[in-house]
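Residue-level listing of the chains:
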Amino acid sequence: MEVQIETLIDRETLEKRVQEMAEELDRIYAGKELRMIGILKGSVYFLCELTKRMKTPVTLDFISVSSYGNGTTSTGVIRFNKDLDEPIEGLDVIVVEDIMDTGRTLSYLMNVLKERKPASLEVITLLDKPSRRLVKIEPWLTGFTIPDKFVVGYGLDYAQNYRNLPYIGVIC
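Computed from a predicted structure; not experimentally measured. (Residues numbered from 1 in each chain as written. Predicted model: local features only at pLDDT ≥ 70, side-chain atom pairs only at ≥ 80, totals over all residues. Heavy atoms only, no water.)

Visitor: Can you explain the packing of helix α1 (residues 11-28) against helix α2 (residues 44-51)? Please cite residues and give values.
Guide: Angle between the axes and distance between the axes: these two values describe a pair of packed helices. Relative orientation of the contacting elements α1 and α2 amounts to 60°, with a least axis distance of 9 Å. In terms of orientation, α1 lies oblique with respect to α2. In this structure, α1 crosses over α2, and the sense of that crossing is right-handed. For the pair formed by α1 and α2, the contact residues are V18, M21, A22 and L25 on the first element and F46, E49 and L50 on the second. Across the contact of α1 with α2, the residue classes tally to six nonpolar, no polar and one charged. (Axes fitted to C-alpha atoms, helices over the stretch in contact; angles between N-to-C directions. Helix = DSSP H or I, 4+ residues; strand = E, 2+ residues; numbered from the N terminus. Parallel < 35°, antiparallel > 145°, perpendicular 65-115°, else oblique. Left-handed = near helix turned anticlockwise from the far one by under 90°. Contact = heavy atoms within 4.5 Å. Nonpolar A, V, L, I, M, F, W, Y, C, P; charged D, E, K, R; others polar.)

Visitor: Tell me about the pattern of salt bridges, and name the residues and values.
Guide: In the structure shown here, the tally under the stated rule is 13 salt bridges. Residue K82 pairs with D85 through a salt bridge whose shortest N-O separation is 3.3 Å. Accessibility expressed as a relative area gives 26% for K82, which makes it partly exposed. Here D148 and R132 are joined by a salt bridge, their closest N and O atoms 3.7 Å apart. (Salt bridge = Lys/Arg side-chain N within 4 Å of Asp/Glu carboxyl O. Buried < 20%, exposed > 50% of the residue type's maximum accessible area, 1.4 Å probe, protein only.)

Visitor: Account for the nonpolar core, naming residues and giving values.
Guide: Side chains of nonpolar character tend, in soluble globular proteins, to be buried together. One finds M36, L50 and L127 to be the most contacted residues of the largest nonpolar core, which totals 27 residues. A per-element tally of this core places α1 first, with five residues. For L127, the contacting residues outside a window of four places in its chain are I9, D98, I99, M100, F144, I146, V151, L156 and I168. In terms of nonpolar packing, the next biggest core, distinct from the first, is built from 16 residues, V93, V95, L106 and M110 among them. (Core = buried A, V, L, I, M, F, W, Y, C linked by side-chain atoms within 4.5 Å.)

Visitor: Explain the sheet that holds strand β8 (residues 151-152) to me, using residue names and the numbers behind them.
Guide: The sheet built from three strands is open, its strands ordered β1-β9-β8 with antiparallel pairing. Each edge of the open sheet carries a strand with a single partner, namely β1 (5-9) and β8. (Pairing = 2+ DSSP bridges.)

Visitor: Go over the side chain of R53 with me, naming the residues and quoting the values.
Guide: Take R53: it is sitting in the loop between α2 and β3 (58-66). Looking at R53, its side chain comes within polar contact range of the side chain of E49, at 2.7 Å. With residues near it in sequence (within four places) discarded, R53 still touches E15, V18, Q19, A22 and D26. (Polar contact = N/O pair within 3.5 Å; in protein donor to acceptor, adjacent residues only side chain to side chain.)

Visitor: Please give an account of helix α3 (residues 104-114) that cites residues and values.
Guide: For α3, the full list of buried residues reads T105, L106, S107, L109, M110, V112 and L113. Buried residues in α3 make contact with β2 (34-39), β3, β4 (79-82), β5 (92-100) and β6 (120-128).

Visitor: For the packing of aromatic side chains, give the residues involved together with the corresponding values.
Guide: On inspection of all chains with the given rule, the structure shows three aromatic pairs. Ring geometry for F80 versus Y108: centroids 6.5 Å apart, planes at 75°, classification edge-to-face. Remark: Y108 occurs in helix α3 and F80 occurs in strand β4; sequence separation between them is 28 residues. (Phe/Tyr/Trp six-rings, centres within 6.5 Å; stacked < 30°, edge-to-face > 60°.)

Visitor: Tell me about the environment of I94, and name the residues and values.
Guide: Inspection of the secondary structure puts I94 in strand β5. The class for I94 is buried, based on a relative accessible area of 0%. C-alpha separation for the pair I94 and I37, spaced 57 residues apart in sequence, amounts to 6.2 Å. Sequence-distant contacts of I94, that is, excluding residues within four places in its chain, are made with L25, Y29, L34, R35, M36, I37, E122, I124 and W140.

Visitor: Describe the environment of M54, with residues and values.
Guide: Looking at the element boundaries, M54 is found in the loop between α2 and β3. We classify M54 as buried; its relative accessible area is 10%. In this structure the C-alpha to C-alpha distance between M54 and I39, which are 15 residues apart in sequence, comes to 19 Å. Residues contacting M54, with those up to four places away along its chain left out, are A22, L25, D26, L34 and M36.

Keep in mind these values describe shape, not function.
The following block contains the structure:
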């Protein structure tokens, strides 16, 4: 399967913004410990790059929910594939997302996590497509707001391919 990919956000711009986000989280959470929850599989690259730049103590966990399957549009059916390994009650929790699109999946997930009684619960995303939002949910911290294009790279995939691109590209 060969597709054309046009660069939307280059590697240097990504790295600079991730550093800025890490510094902002360090300022806000100074003196605290964070539990960061990566949404598999797309957030792994962003989560790793973000946390290795942070000075704040961070513990990690992962969860997997999906609504895309192998296509380029959300199916609207949310599947819960993997739950957290550790409880989050009483913890400051940040959910780390690769991209916010319709908001359906993330809204569902945030409702599930709120029931587990964390001390605080926020969501950050590398990419946000507000023009596609169908559910009232907004990220607390965003790397980039992007147009309504299907993107790959830096963890984002098309049928499990292109995650390892060091930039964000648009499938043409």
